[in-house]
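Close look at the chain arrangement
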Amino acid sequence: KPKMNSVFAVLLLVCAASALDNGLGLIPPLGWNTWCTLGPCGRDYCDETEVKEIAQVIATSGLKDLGYQYVNLDDCWASHRDANGQITADPNRFPSGMKAVADYIHSLGLKYGLYTDAGVYTCSQGERPYKIPGSYGHYEQDAQTYASWGMDFVKMDWCNTVVNGTQLKPEQQYPQMSAALNKTGRPIYFESCEWGVDNPWTWIKPYVNSWRATGDHHDSWSSTAGIIEAVASLGKYAGPGGWNYMDFVFTGGQGCPSHQAGQRCPGQTDTEYITEFSMWVMAASPVIVATELRNMSAIQRQILFNSEMIAVLQDKLGRAGNRVDTPACDAADVTLGASPPCQVWARPLSTGAYAVALYNADSVAHKITANFGTWGWAGKTASVRDLWAHKDVGQATGTYSATVPSHGVVVVLLKQA
């Protein structure tokens, strides 16, 4: 049986030693977020009926058994601060109160999360006639409030961060909120969202469990390809307790402008959604779904229930994958885009195996070849299992090739024979 590569073992110890000490995020989390379900992303709407119904689906459909556990609110839930400065939930959207909703979600064996902002206001007031308060000046108070409600996850955005003419610094604000959350005594997963603008992967891991390593992800292929390209070399910064987060996944398509529950307006093809999910897994990004789950389409079921891909995501070694090669394609690059057209990504696993993705960013199909030597297996023979076809496809020595469709991916599990 192959032993763990010593370099990866050392990196794992370094990552574990420098992570936020709250015992959470030892593997990348799976969950769901409200932001793009009832309408196009940014509509800024959610309510307790939607949240409870989605939680019920996750608990009863088999998603919970696969590891999906977080039910998270985005910029949609808050109203104002009361006379004591305490943040309050929108009473029209959450008439039962946040604690009651949290109790319900916990009764299903799931976890509940919410959104705030490091600045004076949140990023979007949505359809309200007023701005939503951010947490600036109230970090400890808000942390205590969230803990009293039973929250398990907090995402903190980075809008409206110029205060009295001075631009706040992420390097100061996120540690303050991190300390405030830890001070509550309740384990709360903490996610930063300052869009990767100041290379958070180089400094933020002691303070958060995941950090946005990219700009916002949208339900389009150009956005997805850009997000993948942005994290191609960031794997070394991630590990147990702290992960590069690539933003929401849009499996099956975001909500439509009509805002009708269960209605989706996909911005990508089924092949592109498979690639999206696959590359989030390869990069060990948290997988937070932001689409309608109450009436899942066939492609949603195919992707979200892929237990073999989820096993790679949540492998206990906790090593993120990286792009290890950009081999020459078998034909000319048609797209001529920012991403290399033919790519090979590799992710080491706790069993000594590797998950390897052959990724085609081009607009035509290509035969892509992975050279085992790029991860130290030069000349070795390995068994090959296709994780989307769910079948063993024989053995390969030294290299493995497959024809990959446009904007597609082939993900295989390689074990030394």
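For the structure, see preceding data.
I will try to describe carefully the structure that is included in this document. The model shown is predicted, which means the values in this text are computed figures rather than measured ones. (Residues numbered from 1 in each chain as written. Predicted model: local features only at pLDDT ≥ 70, side-chain atom pairs only at ≥ 80, totals over all residues. Heavy atoms only, no water.)

Describing the state of the cysteines
Working definition: the covalent bond between the sulfur atoms of two cysteines is a disulfide. Using the following cut-off: In this description, the term disulfide denotes a pair of cysteine sulfurs within 2.5 Å. Helix and strand definitions follow DSSP, with helices as H or I runs of at least four residues and strands as E runs of at least two, each counted in order from the N terminus.
In the structure shown here, the tally under the stated rule is 4 disulfides. Note that C123 is cross-linked by a disulfide to C159, the S-S spacing being 1.9 Å. Across the disulfide from C123 to C159, rotation about the S-S bond amounts to roughly 95°, and the bridge is consequently right-handed. On the criterion of sequence distance, the pair formed by C123 in the loop between β5 (111-117) and α5 (139-149) and C159 in the loop between β6 (153-157) and β7 (162-163) is long-range, its members being 36 residues apart. A disulfide bridge connects C256 with C265, and the sulfur atoms are separated by 2.0 Å.

What to know about the packing of aromatic side chains
Defined as follows: Here a pair means two rings of Phe, Tyr or Trp (six-membered ring of Trp) with centres within 6.5 Å. Their orientation is stacked below 30 degrees between planes, edge-to-face above 60, and tilted elsewhere. The buried label goes to any residue with under 20% of its type's maximum accessible area, the exposed label to any with over 50%, and the partly exposed label to all in between, with areas taken from a 1.4 Å probe on protein chains only.
In this structure the tally under the stated criterion is 16 aromatic pairs. Geometrically, the ring pair formed by Y70 and F153 is edge-to-face, given 5.2 Å between the ring centres and 65° between the ring planes. Note that Y70 is positioned in strand β2 (residues 68-72) and F153 in strand β6, a separation of 83 residues in sequence. Residue Y70 shares its accessibility class with F153, and that shared class is buried. Grouped by ring-pair contacts, the aromatic residues Y354, F372, W375 and W377 constitute a single cluster.

Quick look at unusual backbone geometry
A positive phi angle, close to 50°, is found at N199, a residue other than glycine. Structurally, N199 can be placed in the loop between β9 (189-192) and β10 (210-212). Exposure remark for N199: the relative accessible area of 37% places this residue in the partly exposed category. The phi dihedral of H390 falls on the positive side, at around 55°, and the residue is not glycine. Structurally, H390 is set in the loop between β19 (381-386) and β20 (391-397). According to the relative accessible area criterion, H390 is partly exposed, its value standing at 38%.

Regarding the pattern of salt bridges
Condition: The salt bridge definition used is simple: a Lys or Arg side-chain nitrogen within 4 Å of an Asp or Glu carboxyl oxygen.
Under the definition given, this model contains 15 salt bridges. With its nearest N and O atoms 3.4 Å apart, the salt bridge here joins R93 to D90. A single burial state applies to R93 and to D90, both of which are buried. Between R385 and D392 there is a salt bridge, with the nearest N and O atoms lying 3.2 Å from each other.

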